[in-house]
Amino acid sequence: DKLDDVRCLCVEPNGDVLVCGLLLGNVARDDIGEMLQRYDPYVDPYARLVLEEGIEGVLCKARTLEIDLCENGYYSICDLCGSVREELRQRLAGD
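Read on for a plain summary of the structure. (Residues numbered from 1 in each chain as written. Predicted model: local features only at pLDDT ≥ 70, side-chain atom pairs only at ≥ 80, totals over all residues. Heavy atoms only, no water.)

**Structural notes on helix H2 (residues 45–64)**
With 20 residues, H2 ought to run about 28 Å at 1.5 Å a step, yet its terminal C-alpha atoms sit only 15 Å apart, falling short of that. For H2, the principal kink sits at Glu-53 and spans about 125 degrees. Looking only at H2, the buried set comprises Tyr-46, Ala-47, Leu-49, Gly-57, Val-58, Leu-59 and Ala-62. Lining the buried residues of H2 we find strand S3 (22–26) and helix H3 (77–94). The backbone nitrogen of Tyr-46 has a side-chain oxygen 2.9 Å away, supplied by the residue at the start of H2, namely Asp-44. (Helix = DSSP H or I, 4+ residues; strand = E, 2+ residues; numbered from the N terminus. Expected span 1.5 Å × (residues − 1). Bend = angle between axes of the 7 residues up to and from the residue. Buried < 20%, exposed > 50% of the residue type's maximum accessible area, 1.4 Å probe, protein only. Contact = heavy atoms within 4.5 Å. Polar contact = N/O pair within 3.5 Å; in protein donor to acceptor, adjacent residues only side chain to side chain.)

Given below as structure tokens:
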């Protein structure tokens, strides 16, 4: 799915609702319809990067931030993207 054209959601066992790994909310606290209404991928800097520059932008950002990318260590483009996103999230949480 494209981040700006959501056609499916992932609901984790703990109730978290995700679009392509991006947390929208939790079904125990939030209405799914309201989550989708307030969802704007262009607000999230990482999602905006993916939408505007694609995987090349993600790879460039990873190289710029010296994120170690293990070549052939990913089973899909989604796996690579999620790995870079998680590393960025951890770095931002550490600031």
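After that view, the rundown keeps rolling.
**Considering the pairing of strand S2 (residues 16–19)**
Two strands pair when backbone bridges link them, and strand S1 (residues 10–11) and S2 are joined in this way by two bridges, in the antiparallel orientation. Bridging from a neighbouring strand, Cys-10 pairs with Leu-18 of S2. Counting the residues in the hairpin turn of S1 and S2 gives four residues, including Gly-15, whose phi is positive at 100 degrees. Sheet topology places S2 next to S3; four bridges connect them, and they run antiparallel. Counted as the bridge partner of Leu-18 is Leu-23 from S3. Counting the residues between successive antiparallel strands, the hairpin from S2 to S3 contains two residues, one of them, Cys-20, with a positive phi of roughly 50 degrees. (Pairing = 2+ DSSP bridges.)

**Thoughts on the layout of surface pockets**
Of the volumes computed, that of the largest pocket is approximately 440 Å³. Forming the boundary of the largest pocket are 15 residues, of which Tyr-46, Arg-85, Leu-88, Arg-89 and Leu-92 lie nearest the centre. Only S3, H2 and H3 provide two or more residues apiece to the lining of the largest pocket. Looking at the lining of the largest pocket element by element, the count peaks at six residues for H3. Residues of the lining of the largest pocket, tallied by class, amount to eight nonpolar, one polar and six charged. (1 Å grid on protein atoms, 1.4 Å probe; cavity = no way out; pocket = protein on both sides within 12 Å on 5 of 7 lines; lining within 4 Å. Points joined across faces, edges and corners; volume = space filled by probe spheres on them. Nonpolar A, V, L, I, M, F, W, Y, C, P; charged D, E, K, R; others polar.)

**Description of the pattern of salt bridges**
Summed over the entire model, instances satisfying the criterion amount to three salt bridges. Across the pair Asp-4 and Lys-2 runs a salt bridge whose closest N-O atoms are separated by 4.0 Å. Residue classification places Asp-4 among the partly exposed residues on the basis of a relative accessible area of 37%. (Salt bridge = Lys/Arg side-chain N within 4 Å of Asp/Glu carboxyl O.)

**Observations regarding the environment of Leu-18**
Residue position: Leu-18 is located in strand S2. By relative accessible area, Leu-18 is classed as buried at 16%. On a C-alpha basis, the gap between Leu-18 and Gly-57 in space is 22 Å, while along the polypeptide they are 39 residues apart. Each residue touching Leu-18, except ones within four places of it in the same chain, is listed here: Leu-9, Cys-10, Glu-12 and Leu-23.

Keep in mind these numbers describe shape, not what the thing actually does.
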